[in-house]
Amino acid sequence: MAHQALPFAITLDILKRRLPAHLQEPKIGIVCGSGLSTLASALRDVVEVPYSELEGFGTSTVQGHKSSLAFGLLGPGNGIPVVAMLGRFHPYEGHKLSTVVYPIRVLARLGVRNLIITNAAGSLNPKLPVGTIVAIQDHVAIPNMAGPLNPLLGPSLGPEYPRFLPLSNAHSIKLRRLAFLAAHKLGLADDALAEGVYAWVSGPTYETPAEGRFLRAAGADVVGMSTIPEVLAAREEGLEVIVLSLVTNFVVIPDKYRSIKEEVKAELAGKPIEQPPQQVVSHQEVLNVGKQKADVMKDLVAKIIEMIPTD
Ligand SMILES: O=P(O)(O)O[C@H]1O[C@H](CO)[C@@H](O)[C@H]1O
């Protein structure tokens, strides 16, 4: 889909007809990661619009991702209008990058100015155990660096869009400050919300131990297969962005490789070495942790939203 062909007018018109007036101009957006669609249960007056009704949207095919936009209100009083993406698109599903980021561009056109992106991620850092939420301070986009997988490739959307987007300020300090203040207000333990660097890989394979070691050496703390295309499009649209990664598993990086050569030699010498079980990651494990921690993530996201100044 070339930029010029993006059907914004049609999508926005459908939404306008589907939504009551008080939900038509959300100022804050949420992207729900794997197993985290229940974040939308913090909203009231909810209207869900399935992606299948929305021109330009794909369908999320990944277990743990719904395929709809949820519009609703959050917080005291009249509430703040919010839109949540229940389900995202990953390039590994076969979606074009322009489709992956299309919902973000639609959110921007609805009036969203602050975007809270969540995801499930594997930990590369022993100090970030399963269950930790990580406020992402920076990222390494391996597919951008290694090949043409940047969603901003191609003709510019218009003269108001910068051709060369700076990313040294990609992850909003303002929103990260609010996240830590929100965690404090909620009484979360100090280690419940940490800081770290996200590595974006294309997936859908999980990392080999050597790849995990490589990413760790490159300065990454967590790794996942999403989010960064959304961050880039959101920044190009001028949004403030915070990424919250839920650590759902450790990337398997043994201190040293098991030597099969030594094991066979020991076996032949009549002194078999005990063979440790081989560890592997599974999406089910990822979803289970998402389910266990969904409430903490929901409370944190809701508190951050309540603290974002309304203008
Ligand atoms: O990043 P989200 O969409 O939360 O999902 C993460 O979980 C899936 C792998 O288990 C991958 O899609 C990875 O990116």
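Bear in mind the structure is a predicted one, so any value in this text is a computation, not a measurement.

K.L.:
Please explain the UniProt feature "domain: Nucleoside phosphorylase" (unreviewed entry) in the protein chain as it appears in this structure.
P.N.:
The UniProt record marks residues 27-253 with the feature "domain: Nucleoside phosphorylase" (unreviewed entry), using the residue numbering of this structure. Within residues 27-253, the helical portion is 22% and the strand portion 30%, while the C-alpha atoms at the span's ends are 41 Å from each other.

K.L.:
Help me understand unusual backbone geometry in this model?
P.N.:
Glycine aside, residues mostly have negative phi angles, and peptide bonds mostly take the trans form. In this chain, Gly203 is followed by Pro204 through a cis amide linkage whose omega measures 0°. For Pro204, the location among the structural elements is in the loop between strand 7 (193-200) and helix 5 (209-217). At Asp45, a position not held by glycine, the phi torsion is positive, near 60°. When you line up the elements, Asp45 lands in strand 2 (residues 44-50). The phi torsion at Thr227 lies on the positive side, around 75°, for a residue other than glycine.

K.L.:
How do you make sense of the pairing of strand 7 when you look at a structure like this?
P.N.:
Regular strands place side chains that alternate from one sheet face to the opposite one. Within strand 7, 7 of the 8 residues are buried, which leaves the element mostly enclosed by the surrounding structure. Of the strand pairs in this sheet, strand 6 (residues 133-141) and strand 7 are connected by 8 bridges, and their pairing is parallel. Paired with Val140 across the bridge in strand 7 is Ala199. Relative to strand 8 (residues 222-224), strand 7 runs parallel, the two being bridged by 3 bridges. Bridged to Trp200 within strand 8 is Gly224. Considered for its hand, the β-α-β crossover made up of strand 7, helix 5 and strand 8 is right-handed.

K.L.:
Help me understand the nonpolar core, please; the structure alone is not making it clear to me.
P.N.:
Within soluble globular proteins, side chains that are nonpolar tend to cluster in buried spots. In this structure, Leu15, Phe57, Leu69, Phe71, Leu115 and Val222 are the most contacted members of the largest nonpolar core, which totals 50 residues. Counting residues per element, this core draws most heavily on helix 2 (residues 97-110), which supplies 9 residues. Residue contacts for Val222: discarding those within four places in its chain leaves Ala121, Gly122, Ser123, Leu124, Leu128, Val134, Ile136, Val197, Tyr198, Ala199, Ser245 and Val247. Membership of the second largest hydrophobic core comes to 35 residues, among which are Leu74, Ile80, Ala183 and Ile304.

K.L.:
Looking at this model, I keep getting lost on the packing of helix 2 against helix 6 (residues 228-236). Mind explaining?
P.N.:
Two measures define how a pair of helices packs: the angle their axes make with one another and the distance between the axes. Put simply, helix 2 and helix 6 touch, their axes get as near as 9 Å, and they point 50° apart. It follows from the interaxial angle that helix 2 and helix 6 lie oblique. The two elements helix 2 and helix 6 cross, and the hand of that crossing is right-handed. Across from Leu97, Val100, Val101, Ile104 and Arg105 in helix 2, the residues of helix 6 making contact are Pro229, Glu230, Ala233, Ala234 and Glu236.

K.L.:
Could you clarify how one ought to interpret the site of the ligand in this entry?
P.N.:
The local shell around the ligand holds 13 residues, among which His90, Tyr92, Tyr206, Ser226 and His283 are the closest. Contact distances for the ligand include 2.9 Å between an oxygen atom and a side-chain N or O atom of Arg88. Tyr206 places a side-chain nitrogen or oxygen 2.6 Å from an oxygen atom of the ligand. Protein chains bury 96% of the 350 Å² of accessible surface belonging to the ligand in isolation. Mapped by element, the contributors of at least two residues to the shell around the ligand are strand 5 (114-123) and helix 8 (283-307). Considered class by class, the residues forming the shell around the ligand number 5 nonpolar, 7 polar and 1 charged.

About the thresholds
- Residues numbered from 1 in each chain as written.
- Predicted model: local features only at pLDDT ≥ 70, side-chain atom pairs only at ≥ 80, totals over all residues.
- Heavy atoms only, no water.
- UniProt positions renumbered as here; feature names shortened; annotations may be inferred.
- Helix = DSSP H or I, 4+ residues; strand = E, 2+ residues; numbered from the N terminus.
- Buried < 20%, exposed > 50% of the residue type's maximum accessible area, 1.4 Å probe, protein only.
- Pairing = 2+ DSSP bridges.
- Right-handed = clockwise from strand over helix to strand, strands pointing away.
- Core = buried A, V, L, I, M, F, W, Y, C linked by side-chain atoms within 4.5 Å.
- Contact = heavy atoms within 4.5 Å.
- Axes fitted to C-alpha atoms, helices over the stretch in contact; angles between N-to-C directions.
- Parallel < 35°, antiparallel > 145°, perpendicular 65-115°, else oblique.
- Left-handed = near helix turned anticlockwise from the far one by under 90°.
- Near = heavy atom within 4 Å.
- Polar contact = N/O pair within 3.5 Å; in protein donor to acceptor, adjacent residues only side chain to side chain.
- Areas by Shrake-Rupley, 256 points an atom, 1.4 Å probe, with all protein chains shown as cover.
- Nonpolar A, V, L, I, M, F, W, Y, C, P; charged D, E, K, R; others polar.

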